[in-house]
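Fold and contact review
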Amino acid sequence: MNHLIPLPASLLPTQLEFQLGPDTQILVAPATPETLRVSEFLAAALRRATDYALPIVPDPPAHARDQIFLTLHDDSTLGAEGYELNLTPDGVFLRAQTPAGLFYGIQTLLQLGAPLSAQEPKTWRAATGSIRDVPRFAWRGAMLDVARHFFSVQDIKRYIDWLAAYKLNRLHLHLSDDQGWRIEIKTWDKLATIGGSGSVGGKKSGYYTQDEYRELVAYAAERFIVIVPEIDTPGHTNAALAAYPELNCDGVARELYTGIEVGFSSLCLDKEITYQFLEDVIRELAALTPGEFIHIGGDEAHATDKTAYTQFIARVETIVEKYGKRMVGWEEIGQTKISARAIAQLWRGEYGAQAIQQGAQVILSPGKHAYLDMQYNEQSPLGLHWAGYVEAQDAYAWDPATFSADIGESNILGVEAALWSETLLTFDDITFMAFPRLTAIAEIAWSPQAARNWESYRQRVAAHGARWQALGLHFYRSPQIDWE
Ligand code: TNX
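Bear in mind that the values here come from a model prediction, so they are computed numbers and not experimental data.

**Concerning the overall build of the protein**
- The secondary structure content of the protein amounts to 14 helices and 15 strands.
- In summary, the protein has a C-alpha radius of gyration of 23 Å against a globular reference of 23 Å for 484 residues, a match within 12%.
- Taking the principal axes of its C-alpha atoms as reference, the protein extends roughly 75 × 50 × 40 Å.
- Burial status across the protein gives 59% buried among its 484 residues.
- In the protein, 72% of the contacts between residues at least 6 apart in sequence involve partners at least 24 apart.
- For the protein, the exposed surface amounts to about 18000 Å²; the carbon and sulfur share of it is 53%.
- In the protein, 40 side chains carry a positive charge and 60 a negative one; their mean positions are 2 Å apart.

Now the structure itself:
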């Protein structure tokens, strides 16, 4: 019970053991399409581990022994994502108010399980005890930059699997930047066909068709993860400016950009066609997005006039709201007039207070803690270091509530680990940068501050390293951790 990540809100081990057997069933009540689906998720994982049949029994008549029971019941203290998990030698009892709560309880249960011995790899046992668990923050995010280098649908699904295992619930996809445009837009098809053909160094370009994107949204939703699409504006737009000459103030298309400088491009804010373009893009994105959020970028608009920038963000928020979504933007939007529904994402920590004064909430992604693209140290083969080197302890040992004097717990919607991809080409590159830092941010986002500390995380993550290794996950063997 002592290696869970994220640490549960409360945990009481009872020192006994539950064992899965060939006759174990998964009982579920009430049986609804969603509770059956999460039961199937659990069954599939346990079948892979054991070869037992593990049938799912909807709405079982009476309590039997040696079973796993999943039930929905009213307990408002568990909220929309909490769960209660009791393991006894006679059975596993998982209760939540919502299917999401059951899903998180299942992630905990799967972390608890291990084979009886190395000689019997297809057995499954877990230590007994009781857990009551609710998340600290509603927004537990990971951002992936698919614009600097493109990553396949398969890669994103694999990343989503890991996010779900650590109870993250937002995947923010950075879908456009100077180097590439990665989402098909039917009304402006050259964004993808021309803008999507670029990338850093000209390697790993491409784009998602709308069908592929829908497939990702559905895959994430089955794991209670909301995809937050970002179209970065008005800067970071060279790929769009290369696709459509009319979006440039001088009417001349830009060349595709393969470098990694930032802050040189801008949409032409005096042209009406710019707003038609934005409205078409936001309308199509909103139609692909069941989640409440559209991220409009807004960062590093160094090539945009300041006053024009202010008016632009206000106009973009109107468009986002027209399509029924809430605007998320990088913290620079705090300098402009935004609504209380807007969300500012901090990365440097300069404009958070201005966003909060307007009633908006913030997401914390401070570069020196939550930027997974920062090098671990001077020798790191991948990554940048403009925010410093970010070792495992730097990612873990900070508290969102004391990050800035201007930002209190209630102002914080959540935390997000950002992974920019200027230097990343493969899925192994992604996971090398993410682990063991993504798991640190996941714990900050979920676990109560009072319960967590670096020494404990350091020990627990070592046990996860053994699993990562067994599963072939490429990760950083931080010297700060005594890997098993
Ligand atoms: C800053 S963070 C950027 C990105 C870069 C990143 C590299 C932010 C909002 N903008 O354009 O990729 O640094 O770490």
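**A short note on the pairing of strand E6 (residues 91-96)**
- Examined bridge by bridge, strand E4 (residues 67-72) and E6 share 6 bridges and lie parallel to one another. Each bridged residue has a counterpart across the sheet, and for Thr-71 the counterpart in E6 is Arg-95.
- As defined by bridge partners, strand E5 (residues 83-88) adjoins E6 across 6 bridges and the pair is classed as antiparallel. When the bridges of E6 are listed, Tyr-83 appears paired with Ala-96.
- If you look at the hairpin formed by E5 and E6, you'll find 2 residues sitting between the two strands.

**Remarks on unusual backbone geometry**
- With omega at -5 degrees, the peptide bond leading from Ile-5 into Pro-6 counts as cis.
- Relative to the elements of secondary structure, Pro-6 occurs in the segment before strand E1 (10-19).
- Along the chain, Phe-435 connects to Pro-436 via a cis peptide bond; the corresponding omega equals 15 degrees.
- For Pro-436, the location among the structural elements is in the loop between helix H12 (427-434) and helix H13 (438-446).
- Despite not being glycine, Gln-15 shows a phi value in the positive range, around 65 degrees.

**Overview of helix H3 (residues 153-165)**
- The terminal C-alpha atoms of H3 lie 19 Å apart, and with 13 residues this matches the ideal 18 Å at 1.5 Å per residue to within 8%.
- Of all 13 residues in H3, 10 are buried, a share of seventy percent or more.
- Within H3, the full set of buried residues consists of Val-153, Asp-155, Ile-156, Lys-157, Tyr-159, Ile-160, Trp-162, Leu-163, Ala-164 and Ala-165.

**A closer look at the sheet that holds strand E14 (residues 361-364)**
- Read around the closed barrel, the 8 strands follow the order E8-E9-E10-E11-E12-E13-E14-E15; overall the barrel is parallel. In this sheet, neighbouring strand axes are inclined to one another by 30 degrees on average, regardless of whether the strands run parallel or antiparallel.
- One ladder, built from 2 bridges, connects strand E10 (residues 226-233) with strand E11 (residues 293-297); its direction is parallel. For Glu-230, the partnering residue across the bridge sits in E11 and is His-295.
- Packed onto the sheet, helix H5 (residues 210-222) meets strand E9 (170-174) and E10 and runs at close to 135 degrees relative to E10.

**Digging into the site of the ligand**
- As a structural note, the neighbourhood of the ligand is formed by 14 residues, with Arg-148, Tyr-371, Asp-373, Trp-386 and Glu-422 the closest of them.
- Interatomic distance of 2.7 Å between a side-chain N/O atom of Trp-386 and an oxygen atom of the ligand.
- If the ligand stood free it would expose 360 Å²; the protein chains cover 97% of that surface.
- When its residues are assigned to classes, the shell around the ligand shows 8 nonpolar, 1 polar and 5 charged.

**Digging into the packing of aromatic side chains**
- According to the stated counting rule, one finds 30 aromatic pairs in the structure shown.
- An angle of 75 degrees between the planes, with centres 6.0 Å apart, marks the rings of Phe-103 and Tyr-104 as edge-to-face.
- Judged by its relative accessible area of 0%, Phe-103 falls in the buried class.
- Look at Trp-188 and Tyr-244: their rings are 4.9 Å apart centre to centre, the planes differ by 75 degrees, and that puts the pair in the edge-to-face class. A residue pair is termed long-range when its members are at least 10 positions apart, and Trp-188 in the loop between E9 and helix H4 (190-193) and Tyr-244 in the loop between helix H6 (238-243) and helix H7 (272-288) qualify at 56 residues. The exposure classification of Trp-188 matches that of Tyr-244, with both residues buried.

**A short note on the packing of H3 against H12**
- At their nearest, the axes of H3 and H12 sit 10 Å apart, and the two run at 25 degrees to each other. It follows from the interaxial angle that H3 and H12 lie roughly parallel. Here the hand of the crossing between H3 and H12 comes out right-handed. In this structure, H3 uses Asp-155, Arg-158, Tyr-159 and Trp-162 to contact H12, whose residues at the interface are Phe-427, Ile-430 and Ala-434.

**Here we look at the domain arrangement of the protein**
- Each assigned domain of the protein is listed here: domain 1 (10-133) and domain 2 (139-470).
- For domain 1 and domain 2, the distance between their C-alpha centroids amounts to 34 Å.
- Across the boundary between the two partners, domain 1 contributes 16 residues, which contact 14 residues of domain 2.
- Together domain 1 and domain 2 conceal approximately 1200 Å² of surface at their shared face, both sides included; 51% is due to carbon and sulfur atoms.
- On inspection of domain 1 and its partner domain 2, the count reaches 1 salt bridge.

The rules behind each value
- For every chain, the first residue of the written sequence is number 1, and numbering continues from 1 along that sequence.
- At least 70 in pLDDT is required for a residue's local features to be given in this predicted model, at least 80 for side-chain atom pairs to be given and counted, and no such filter applies to totals for whole chains, interfaces and linings, which use all residues.
- Neither water nor hydrogens contribute to the side-chain values; these are computed over all heavy atoms in the structure.
- Each helix corresponds to a stretch of at least 4 residues labelled H or I by DSSP, and each strand to a stretch of at least 2 residues labelled E; elements are numbered beginning at the N terminus.
- Each radius of gyration is computed over the set of C-alpha atoms, and the globule rule expresses the reference value as 2.2 Å times the number of residues to the power 0.38.
- For every residue, the accessible area obtained with a 1.4 Å probe (protein chains only) is divided by the maximum for its type, and the residue is called buried under 20%, exposed over 50%, and partly exposed between those limits.
- In this analysis, two residues are considered to be in contact whenever any of their non-hydrogen atoms come within 4.5 Å of each other.
- Each accessible area value is a Shrake-Rupley result obtained with a 1.4 Å probe; residue values ignore everything except the protein chains displayed when judging cover.
- In this tally, Asp and Glu contribute negative charge and Lys and Arg positive charge; neither His nor the terminal groups of the chain are included.
- Taken as the charge location is NZ of Lys, CZ of Arg, CG of Asp or CD of Glu.
- Any two strands with at least two DSSP-identified bridges between them are counted as paired.
- Every helix has an expected span of 1.5 Å times one less than the residues it contains.
- The axes are straight lines fitted to the C-alpha atoms, using for helices just the contacting stretch, and the angles between their N-to-C directions are given from 0 to 180°.
- Proximity is defined per residue: any heavy atom of the residue falling within 4 Å of a molecule or strand makes that residue near it.
- A 3.5 Å cut-off defines polar contacts: any pair of N or O atoms within that distance qualifies, except that in protein one atom must be a possible hydrogen donor and the other a possible acceptor, and neighbouring residues in sequence count only when both atoms are side-chain atoms.
- Each residue receives one of three labels: charged for Asp, Glu, Lys and Arg, nonpolar for Ala, Val, Leu, Ile, Met, Phe, Trp, Tyr, Cys and Pro, and polar for the others, Gly being one of them.
- Stacked, tilted and edge-to-face pairs are distinguished by plane angle, under 30 degrees for stacked and over 60 for edge-to-face with tilted covering the rest, among Phe, Tyr and Trp rings (Trp via its six-membered ring) whose centres lie within 6.5 Å.
- Here the angle decides the label: under 35 degrees means roughly parallel, over 145 means roughly antiparallel, 65 to 115 means roughly perpendicular, and every other value means oblique.
- For any pair of crossing helices, the crossing counts as left-handed if the nearer helix is rotated counterclockwise from the farther one by less than a right angle, and right-handed if it is rotated clockwise.
- Where each domain begins and ends follows an automated or database-derived domain assignment.
- A quick way to say it: buried area is the sum, across both parts, of accessible area lost when two parts are put together, with a 1.4 Å probe.
- Salt bridges are defined as contacts in which a side-chain nitrogen from Lys or Arg sits within 4 Å of a carboxyl oxygen from Asp or Glu.

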